[in-house]
Amino acid sequence: MIHKPFHRTHTDMLGERPAPLATVGVMGWMRANLFSSLANTVLTVLAIYLLWVSIPPFLQWAIFDGQVYGENRFSCKGEGACWAWLDQRIGQFLYGFYPSEETWRINLALVLLFPALAPWLMENVPGKRYLRWFSVFYPIIAVFLLVGGFGLTEVSTDALGGFTLNLVVGLAGIVLSLPVGILLALGRQSRLPLIRWFSIIFIEVVRGVPLITLLFVSNIILPIFLPADVALNSVARVIVMITAFASAYMAEVIRGGLQAIPKGQYEAAQAMGLGYWQSMRLIILPQALKISIPGIVNTFIGLFKDTTLVIVIGLFDILGISRAMVSNPDWLGLSSETYVFVSLFFFVVCFAMSRYSMSLERKLDTDQR
Amino acid sequence: MTQTTRTDDERFQLRRILTDERSRGIIIQVILVLAVVAFIAFITRNTMVNLGKSGLTTGFGFLADPAFFDINQPLIAYNSQSSFARALLVGLLNTLLVSVLGIIGATVLGFTSGVLRLSKNWLISRLITSYVEFTRNVPVLLQILFWWALLTGLPKVPDSISIGDIAFVNNRGLRVPGPITEPGSMWVLIALALGIIAAVAISKWARKRQDLTGQTFPSALTGLGLVIGLPILVYLVLGQPLGWEIPERTRFNFRGGINVTPELIALWLALTTYTGAFISEIVRSGILSVSRGQSEAAFALGLRPNLTMRKIILPQALRVIIPPLTSQYLNLTKNSSLAIVIGFQDLVSIGGSILNQSGHSLEIVAIWMAIYLSLSLATSAYMNWYNKRIALVER
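How each quantity is defined
Residues numbered from 1 in each chain as written. Chains lettered and ligands numbered in written order. Predicted model: local features only at pLDDT ≥ 70, side-chain atom pairs only at ≥ 80, totals over all residues. Helix = DSSP H or I, 4+ residues; strand = E, 2+ residues; numbered from the N terminus. Rg over C-alpha atoms; globule rule 2.2 N^0.38 Å. Contact = placed C-beta atoms within 7 Å. Axes fitted to C-alpha atoms, helices over the stretch in contact; angles between N-to-C directions. Left-handed = near helix turned anticlockwise from the far one by under 90°. Nonpolar A, V, L, I, M, F, W, Y, C, P; charged D, E, K, R; others polar. Core = buried A, V, L, I, M, F, W, Y, C linked by C-beta atoms within 7 Å. Buried ≥ 20, exposed ≤ 12 C-beta atoms within 10 Å, placed from the backbone. Parallel < 35°, antiparallel > 145°, perpendicular 65-115°, else oblique. Pairing = 2+ DSSP bridges. pLDDT = per-residue confidence, 0-100. Domains from an automatic or database assignment. Expected span 1.5 Å × (residues − 1).

Another point: the overall build of chain B. Each helix and strand in chain B was counted, giving twelve helices and eight strands. A compact globule built from 395 residues should have a C-alpha radius of gyration of about 21 Å, whereas chain B, at 29 Å, is more than 25% larger. Overall, chain B is about 105 × 70 × 45 Å in size when its C-alpha atoms are taken along their principal axes. A separation of at least 24 residues holds for 66% of the contacts in chain B among residues at least 6 apart in sequence.

So, in structure tokens, the structure goes:
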């Protein structure tokens, strides 16, 4: 007699069944990411509502109802944004009061900036050695192009304005504040008490006061401090002050990096017989700067945003130009449009910088963890 | 023979002075001191010459002179006959007002958005990310101007937007109900202060008792009851000595209530959203720095997510958060000086008016620097103390 088994057993493999509909595809994603709990659902609904009341009206205002043509604000009818000034004023926004027949010089300086930056920002650039030499001479070339002389028509620095002024002050500040910041950071860590105290006082005083007061110093106090016959160019004064300001912050960022280097590295460098500067240049700084890249780039971004402060001492950067324009009877009250436009410039430059620093961080992360 | 050896020796010693680390350090420092002294002497001499030429005197005596300019809505009694010193005090109070309001706003906004950005909700975290990225990458000066343009572009006074008929928004700002104080209202405030002190004391006692015996005490509820209940009790006992004056529409303006200027609101909004974005990033990275095992352990103990965040994650994250948070608070205070572009009369703006009127630029700049430096030092001293208090107690 053959016993029948009491329970059924499968002798064949069951085929795969699809996952429940609610956990895959769009539905599943939405359940997991948007409606996973009651609180989450409330938040999602709130967010959708927020987007609904802000995005469509903004697009309606800026694009669908926006008007691009017109002589002045009176030719802009309707509720939408008035972009008519772009056509007439874009030159001022970009170049300030630079003579319009000479603006090619600014454009050329900007184009040449890319090969000058390339060897420092990218790997595998062909002809890296020559480009490095080029970038060393780039500041001289740029100043020559912007100011003129030696055959080019001379243009006063008072004509610098618009986004050009932001770029000039920002780039000069970035290029100068890094080495000054490194020196200050090393000074603060120095074993020589006077050097250390000098660095600490400089860093703490500059970091303790708003940039605006330093700019006032450059405008009002410097003429008192200098001999009567020495008149410093206003753009140069701003660059000096912004550099001093940013380098104090830079010094603190780099100090953080220096402190993160294990003591063994310093001792190993000494044991190899390296002197102070050699060990700094070859052992300590490469590691410290690598750690502090995010902070350094953040300082650069802050510096670039701070270039708008020049309007308080009467220079016309892109923000100054837009402020002047919206108080002009022809374009009175178009502040929302101009501020939206100007903010795009800063957003693009600063966002690019922050993304670049993030990718650099990932690339330089050589920790074998 | 001996002669040459001696010269060799001297040369050797001279070279040793230059190569010896200690003597080289001394030489470098002496050069630095000489350079600084020469620089100071140079600018002092120039200053003497320049001031002598323009016939200006130096010294802080001018601060007692009458200011002859008006200040919009001073926080303390002030008129155009008041002294320069009092004008500066009004400016300082305005700076402190907007800084404190901004710090409160930015902290709330930053912590909320920092926590929400880590939420599993895709839409919310994206929304917060775009807020943070956009606000951080646009100059704060531009944002101040933007908010100010937006607020001054609101409807005129007769067409004010009403908020439940108790507050009104128009292009001259926000008009809110103001308190009316009658004799006895002081006691309500004293009761409030006593309530707060009692609540703090009870929560301290409750924590100590829980540490010793493990018994819990509803200190949050009791504290809330004390803070709210005590003033209300006094208020009722004394016959309601404190009232609210609701602004009333007149033909061209409002009567009663307090008007908050659009400058203050714009500055506050801009500083709050700008600094809030930075704080949001700091909070996010602080929370991420707490290892995953901590929250897993808390869940294993049966703590709910809310309690895990409050009792396990945040206290550990705070150690990472506090130092950069301090510098954000200081940045906010310093950024409040940008008020000058929209005409909010803070310390820098009023100092600028005095400077133009009296010509005492050196003194005004010295006052600015002294005040901002002491604000910075005071804030960082307090935050250092707080940081030390919550720092990890290691074995």
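Back to the text.
Glancing now at the overall build of chain A. Each helix and strand in chain A was counted, giving 14 helices and zero strands. For chain A, the sequential pattern of α-helices and β-strands runs α-α-α-α-α-α-α-α-α-α-α-α-α-α. Rg of the C-alpha trace for chain A: 29 Å, well past the compact-globule value of 21 Å for 369 residues, more than 25% over. The C-alpha extent of chain A, read off along each of the three principal axes, is 125 × 75 × 45 Å. For chain A, the proportion of contacts with a sequence separation of at least 24, taken over those separated by at least 6, is 63%.

Below, the discussion takes up the packing of helix 7 (residues 193-208) of chain A against helix 9 (residues 234-260) of chain A. Residues and elements named next belong to chain A. Relative to each other, helix 7 and helix 9 sit at 115 degrees, their axes nearing to 9 Å. Judged by the twist between their axes, the crossing of helix 7 over helix 9 is left-handed. For the pair helix 7 and helix 9, contact is made by Phe 202, Ile 203, Val 206 and Arg 207 and by Ala 244, Phe 245, Ala 248, Tyr 249, Ala 251 and Glu 252, respectively. Residues belonging to the contact of helix 7 with helix 9 are distributed by class as follows: eight nonpolar, no polar and two charged.

The biggest cluster of nonpolar side chains holds 127 residues, and the ones touching the most others in it are B:Ile144, B:Leu145 and B:Leu267. Tallying contributions element by element places helix 9 of chain A first for this core, with 15 residues. If we ignore the near neighbours within four places in the chain, the residues touching B:Leu267 are B:Val98, B:Ile144, B:Ser336, B:Ala339, B:Ile342 and B:Phe344. Ranked by size, the runner-up nonpolar core spans nine residues in total, among them A:Ala81, A:Trp83, A:Val326 and A:Trp331.

The next subject is the packing of helix 9 of chain A against helix 11 (residues 276-291) of chain A. Residues and elements named next belong to chain A. At their nearest, the axes of helix 9 and helix 11 sit 8 Å apart, and the two run at 120 degrees to each other. When the axes of helix 9 and helix 11 are compared, the pair comes out oblique. Seen from above, helix 9 lies across helix 11 with right-handed handedness. Counting all contacts with helix 9, which are made through Ile 254, Gly 257, Leu 258 and Ala 260, the residues of helix 11 involved are Ile 284, Ala 288, Leu 289 and Ile 291. Partitioned by chemical class, the residues of the contact of helix 9 with helix 11 number seven nonpolar, one polar and no charged.

Facing the 41 residues of chain B at the interface are 43 residues of chain A. Those elements giving two or more residues to the side of chain B that touches chain A turn out to be helix 2 (21-54), helix 4 (122-136), helix 5 (140-152) and helix 12 (361-390) of chain B. With ten residues, the single largest contributor to the side of chain B that touches chain A is helix 2 of chain B.

Another point: the sheet that holds strand 3 (residues 173-176) of chain B. Residues and elements named next belong to chain B. Sheet architecture is open: four strands sit in the order 1-2-3-8, paired in antiparallel fashion. If you trace the sheet from one side to the other, it starts and ends with strand 1 (161-163) and strand 8 (258-260), each paired once. On average, each strand axis in the sheet is tilted by 20 degrees relative to the strand beside it, whichever way the strands run.

Let us now look at the confidence of the model for chain A. Summarising the model, chain A shows a mean pLDDT of 84, and 97% of its residues fall at 70 or more. Of all helices and strands in chain A, the one with the weakest mean pLDDT is helix 1 (residues 25-33) of chain A (78), whereas helix 6 (residues 162-189) of chain A scores best (92).

All names here are of chain A. Split by domain assignment, chain A resolves into domain 1 (95-159) and domain 2 (160-259 + 287-319 + 337-364). For domain 1 and domain 2, the distance between their C-alpha centres works out to 21 Å. The partner domain 2 presents nine residues to the eight residues of domain 1 that form the contact. Taken together, the residues of the side of domain 1 that touches domain 2 sort by class into six nonpolar, two polar and no charged.

Helix length check: helix 14 (residues 335-364) of chain A, at 30 residues, gives a terminal C-alpha distance of 43 Å against a target of 44 Å (1.5 Å per residue), a fit within 8%. Listed in full, the buried residues belonging to helix 14 of chain A are A:Ser335, A:Glu337, A:Thr338, A:Tyr339, A:Val342, A:Phe346 and A:Cys350. Looking at the packing, one finds that the buried side of helix 14 of chain A touches helix 12 (293-306) and helix 13 (318-326) of chain A together with helix 5 of chain B.

A few words on the environment of B:Ser119. By secondary structure assignment, the location of B:Ser119 is in the loop between helix 3 (84-117) and helix 4. Among residues more than four places away in sequence, those in contact with B:Ser119 are B:Ile124 and B:Ser125.

Residues and elements named next belong to chain A. Taken as a whole, helix 3 (residues 84-95) has its buried residues at Ala 84, Trp 85, Arg 89, Gln 92, Phe 93, Leu 94 and Tyr 95. As for helix 3, its buried residues are in contact with helix 4 (103-121), helix 6 and helix 13. Positive backbone phi, at 70 degrees, marks Gly 96, one or two positions downstream of helix 3.

A separate point is the pairing of strand 3 of chain B. For a regular strand, side chains alternate in direction, first toward one face of the sheet and then toward the other. Residue and element names in this part refer to chain B. Taken together, the three bridges between strand 2 (residues 167-170) and strand 3 define a ladder with antiparallel strand orientation. Its bridge partner being in strand 3, Asn 170 is matched across the sheet by Gly 173. Taking the residues that link successive antiparallel strands as the turn, the strand 2-strand 3 hairpin has two residues. Here strand 3 runs beside strand 8; their pairing, made up of three bridges, is antiparallel. Following the sheet pairing, Val 176 is matched in strand 8 by Ile 258.

Moving on: the confidence of the model for chain B. Residues and elements named next belong to chain B. Of all residues in chain B, 93% have pLDDT values of 70 or greater, and the mean over the chain is 83. Averaged pLDDT values for the elements of chain B fall to 62 in helix 1 (residues 2-19) and rise to 92 in helix 8 (residues 262-289). Overall fold confidence (pTM) sits at 0.85, and the ipTM for the predicted complex is 0.85.

To continue, consider the pairing of strand 2 of chain B. Residue and element names in this part refer to chain B. Only one face of strand 2 is covered, namely the one carrying Phe 168 and Asn 170; the face carrying Ala 167 and Val 169 has none of its residues buried. Strand direction decides the pairing type here: strand 1 and strand 2, joined by three bridges, are antiparallel. Note that in strand 2 the partner of Ile 163 across the bridge is Ala 167. A loop of three residues connects strand 1 with strand 2, the two strands running antiparallel in sequence, and Gly 164 in this loop sits at a positive phi of about 60 degrees.

Let's shift gears to the environment of A:Ala251. Residue and element names in this part refer to chain A. Note on placement: Ala 251 falls in helix 9. Classification of Ala 251 as buried rests on a count of 29 C-beta atoms within 10 Å. Distance in space between the C-alpha atoms of Ala 251 and Pro 286 is 15 Å, their sequence separation being 35 residues. With residues near it in sequence (within four places) discarded, Ala 251 still touches Gly 181, Leu 184, Ala 185, Arg 188 and Ile 203.

All names here are of chain A. Along the polypeptide, Lys 305 turns up in helix 12. Since 22 C-beta atoms lie within 10 Å of it, Lys 305 is described here as buried. For the pair Lys 305 and Asn 166, spaced 139 residues apart in the sequence, the C-alpha separation amounts to 8.6 Å.

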